[in-house]
Amino acid sequence: MKEKPCSNLQKLLVNGEFVVTAECGPPRGMLKEAVTAKGELLKGYVDAINVTDNQTAIVRMSSLAACVHLLEMGLEPVMQMVTRDRNRIALQSDLLGAYSLGIRNLLCLSGDHQSFGSQPDALNVFDIDSIQLLSMVETMRDTGRDMSGYELSHAPRMFAGAAANPFADPFEYRVIRLAKKIAAGAGFIQTQSIYNLPRFKEWMRLAREQGLTEEAYILGGITPLKSAGMAGYMAARVAGMDIPDEIIKRMRGVPKEKAGEEGMQICLETIEELKNTPGVSGVHIMAIESENLVAPIVKAAGLYPRPAAE
Amino acid sequence: MIVAEQKKISEIIEMVSPYRKVLVLGCGTCVKTCFAGGEDEVAVLASLLRLAFEKQGNSKEISEFTIERQCEDEFIQEAAEAIGRNEAVLSLACGAGVQDIARRFKNVPVLPGVNTTFVGVMEDRGLFTEECLCCGDCRLGQYGAVCVLTRCAKKLSNGPCGGSRNGKCEVNPETDCAWQLVIDRMRELGQLDSLREYIPPRDWRTSNAGGPRKLFREDMVA
Ligand code: SF4
């Protein structure tokens with residue numbers, strides 16, 4: 001973290017800014033406008049935009065291509081890369097290609113299992129896992145060598161990040177896993193959506209205790225709930241999601257037309273808590289096909305305007 | 001053991017229907033233990049086939065024979081005579097057995113009567129579970145004797161994914177999360193700390209990714 005930052009996102013974090021990132025899912029189609037429209041909604045309100053990689057194992061425009069569309073708008077993408085669909089050869093090749101196109105942030109993931117997607121009959125790859133991918137990115141950055149040890153003409157200096165889910169089991173291993181990701185090369189961490197604050201804070205406490213917040217920047221995940229139905233569905237059906245009963249009760253406790261407002265309120269309360277949690281360096285807003293909600297959240301949370309990008 | 005499951009009777013009927021004389025050939029080792037292709041299963045399947053073809057008014061001769069192992073020449077030879085009397089063999093052995101029979105008997109079609117599913121164990125009465133992918137580079141020692149390559153749906157080497165919940169796998173809530181099993185076991189062994197270690201990518205050459213594998217034991221060549 002001491003050397004020259006690889007990306008603007010890294011620079012802001014190094015400068016101690018409380019950063020805001022948001023997620024943008026590419027379309028199930030090839031229209032550039034579908035990406036740029038989302039980019040327009042986010043422009044000025046976030047510091048970087050995560051572009052998902054065939055999330056939930058559904059075929060979409062490639063993350064790489066969608067990242068380039070955002071770059072052309074002057075936005076900074078965080079390219080997500082999963083190990084589900086590509087072996088190490090393809091991953092390294094795409095990393096080099098991404099760098100050549102101007103992408104400087106990479107989020108390393110294993111990916112949702114294909115059985116959740118629209119093509120459960122597909123073969124998966126999982127040649128390497130997310131931690132090995134982080135190590136690959138770090139090695140290429142720091143040594144300029146690919147996984148075979150071959151010396152590349154230049155080192156692709158990517159700011160590498162990882163996901164973490166403080167709410168998954170077994171809890172005692174969650175911080176060990178975080179430590180492993182950071183040791184393997186994760187400079188930033190974006191967490192699963194936070195609804196269970198006590199558990200998140202306990203996880204943060206353990207992370208601080210192990211000095212992990214000194215070694216990587218942790219961005220807390222935020223997903224605005226739009227309805228009680230959505231809350232119930234996510235709690236029951238989305239892998240790795242922890243939505244406590246109180247939150248579901250709160251969403252059910254308001255009339256339907258007020259549910260969106262209540263969801264927004266929960267988001268703002270969470271962001272406020274995160275700002276005051278030592279070791280949290282920002283928020284990552286995953287609005288899942290409701291990118292229009294990001295600007296109002298950022299404004300209402302007092303996180304607007306964003307510091308100027310260079 | 002190698003675990004297999006008998007194919008659907010309709011599929012078997014379709015496969016054998018071009019032949020007038022069919023030998024249902026059982027195997028007395030793995031597939032017997034998992035109730036897919038031992039002597040008993042051979043008898044039941046042969047009767048079912050006879051009944052089915054009789055109903056169709058199709059006269060066929062279905063005979064039965066079971067050998068100890070279809071993957072060992074010594075036993076395969078015992079079936080030579082029975083195979084010679086038939087037009088086709090319906091083998092209830094695993095894929096290795098089917099191929100080994102075919103290798104020895106060039107002029108007889110050999111058809112698979114079971115789907116070979118995995119290398120596993122009978123965990124409970126009637127419940128078979130997959131335990132080994134035959135990767136050729138066993139790391140069970142690192143993982144408390146739980147194979148994460150086989151039993152984690154994402155083949156994760158460095159810890160559980162974000163979907164592990166209450167000990168179950170996100171991919172199938174009926175299946176244990178392999179990583180939960182690893183962690184529980186390592187905790188019991190007092191070795192949880194060893195899971196902090198970074199495990200580098202695998203060398204898949206020892207697996208089937210390197211092409212079909214061969215094992216040559218010079219010491220066995222007398
Ligand atoms: S839940 Fe456990 S077994 Fe299933 S994919 Fe995740 S780590 Fe692997």
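Summary of the structure given here. Being a predicted model, the structure only gives us computed values, none of them experimental. (Residues numbered from 1 in each chain as written. Chains lettered and ligands numbered in written order. Predicted model: local features only at pLDDT ≥ 70, side-chain atom pairs only at ≥ 80, totals over all residues. Heavy atoms only, no water.)

### Details of the side chain of N105(A)
Residue and element names in this part refer to chain A.
Stage number 1. With respect to the helices, strands and loops of the structure, N105 is situated in strand β4 (residues 105-109).
Stage number 2. Under the relative-accessibility criterion, N105 is labelled buried at 0%.
Stage number 3. Separated by 3.1 Å, the side chain of N105 and the backbone oxygen of P77 make a polar contact.
Stage number 4. Apart from residues no more than four positions distant in its own chain, N105 is found in contact with S7, L9, E76, P77, V78, M79, M158 and F159. (Helix = DSSP H or I, 4+ residues; strand = E, 2+ residues; numbered from the N terminus. Buried < 20%, exposed > 50% of the residue type's maximum accessible area, 1.4 Å probe, protein only. Polar contact = N/O pair within 3.5 Å; in protein donor to acceptor, adjacent residues only side chain to side chain. Contact = heavy atoms within 4.5 Å.)

### Points about the sheet that holds strand β6 (residues 114-124) of chain B
All names here are of chain B.
Stage number 1. Strand order across the open sheet formed by three strands is β1-β6-β7, with antiparallel pairing between neighbours. The open sheet has two edge strands with one neighbour each: β1 (2-6) and β7 (127-132). Going from strand to strand, the sheet's axes swing by 70° on average, the running direction of each strand aside.
Stage number 2. Pairing of β6 with β7 involves five bridges; the strand directions are antiparallel. Each residue of the ladder has a partner; that of D124, found in β7, is L127. (Pairing = 2+ DSSP bridges. Axes fitted to C-alpha atoms, helices over the stretch in contact; angles between N-to-C directions.)

### Let's talk about the sheet that holds strand β5 (residues 159-164) of chain A
All names here are of chain A.
Stage number 1. If you walk around this closed barrel you meet the eight strands as β1-β2-β3-β4-β5-β6-β7-β8, and the pairing is parallel. Neighbouring strand axes in the sheet, compared pairwise and without regard to direction, differ in orientation by 30° on average.
Stage number 2. Strand direction decides the pairing type here: strand β6 (residues 188-193) and strand β7 (residues 217-222), joined by four bridges, are parallel. When the sheet's bridge partners are listed, S193 is paired in β7 with G221.
Stage number 3. Here helix α6 (residues 171-184) sits on the sheet in contact with β5, β6 and β7, set at roughly 170° to β5.
Stage number 4. Across the sheet, helix α10 (residues 259-275) is in contact with β7 and β8 (280-285); its angle to β7 comes to roughly 165°.

### A word on the nonpolar core
Stage number 1. Ranked by internal contacts, the top residues of the largest apolar core, which has 69 residues, are V137(A), L178(A), I189(A), V283(A) and I285(A).
Stage number 2. Contact partners of V283(A), with chain neighbours within four places excluded, come to F18(A), V19(A), V20(A), T21(A), L219(A), G220(A), I222(A), I271(A), L274(A) and L303(A).
Stage number 3. Among the nonpolar cores identified, the runner-up in size contains 25 residues, and V31(B), A36(B), L90(B) and A93(B) belong to it. (Core = buried A, V, L, I, M, F, W, Y, C linked by side-chain atoms within 4.5 Å.)

### Observations concerning the packing of aromatic side chains
Stage number 1. Applying the stated criterion across every chain yields a total of six aromatic pairs over all chains.
Stage number 2. On the basis of an interplanar angle of 40° and a centroid distance of 4.8 Å, the ring pair of F159(A) and F188(A) is categorised as tilted. You can see F159(A) sitting in strand β5 and its partner F188(A) sitting in strand β6, a full 29 residues away along the chain.
Stage number 3. For F159(A), a relative accessible area of 2% gives the class buried.
Stage number 4. When its relative accessible area of 0% is taken as the criterion, F188(A) is described as buried.
Stage number 5. With a centroid separation of 6.2 Å and an interplanar angle of 25°, the aromatic rings of Y173(A) and W179(B) are classed as stacked. Highlighted residues: Y173(A) in helix α6 and W179(B) in helix α8 (residues 178-188), drawn from two different chains. Across this residue pair, the class does not change: Y173(A) and W179(B) are buried.
Stage number 6. Connected via pairs of aromatic rings, a cluster forms that spans Y173(A), Y143(B) and W179(B).
Stage number 7. The ring of Y99(A) is capped by R104(A), whose NZ or CZ atom sits 3.6 Å from the centre of that ring.
Stage number 8. In this structure, R202(B) packs its charged tip against the face of W204(B), placed 5.8 Å from the ring centre. (Phe/Tyr/Trp six-rings, centres within 6.5 Å; stacked < 30°, edge-to-face > 60°. Lys NZ or Arg CZ within 6 Å of the ring centre and 35° of its normal.)

### Overview of unusual backbone geometry
Stage number 1. Of note, the amide linkage connecting D169(A) to P170(A) takes the cis form, showing an omega dihedral of -20°.
Stage number 2. Mapped onto the elements of the fold, P170(A) is located in the loop between β5 and α6.
Stage number 3. With an omega of 0°, the peptide bond between Y304(A) and P305(A) qualifies as cis.
Stage number 4. Its place among the elements puts P305(A) in the segment after α11 (294-300).
Stage number 5. Positive phi is not limited to glycine here, since I288(A) has a value of about 40°.
Stage number 6. Mapped onto the elements, I288(A) comes out in the loop between β8 and α11.
Stage number 7. Looking at I288(A), the relative accessible area reads 43%, which means it is partly exposed.
Stage number 8. Non-glycine residue C134(B) carries a positive phi angle of around 55°.
Stage number 9. Structurally, C134(B) can be placed in the loop between β7 and α7 (148-151).
Stage number 10. By relative accessible area, C134(B) is classed as partly exposed at 36%.

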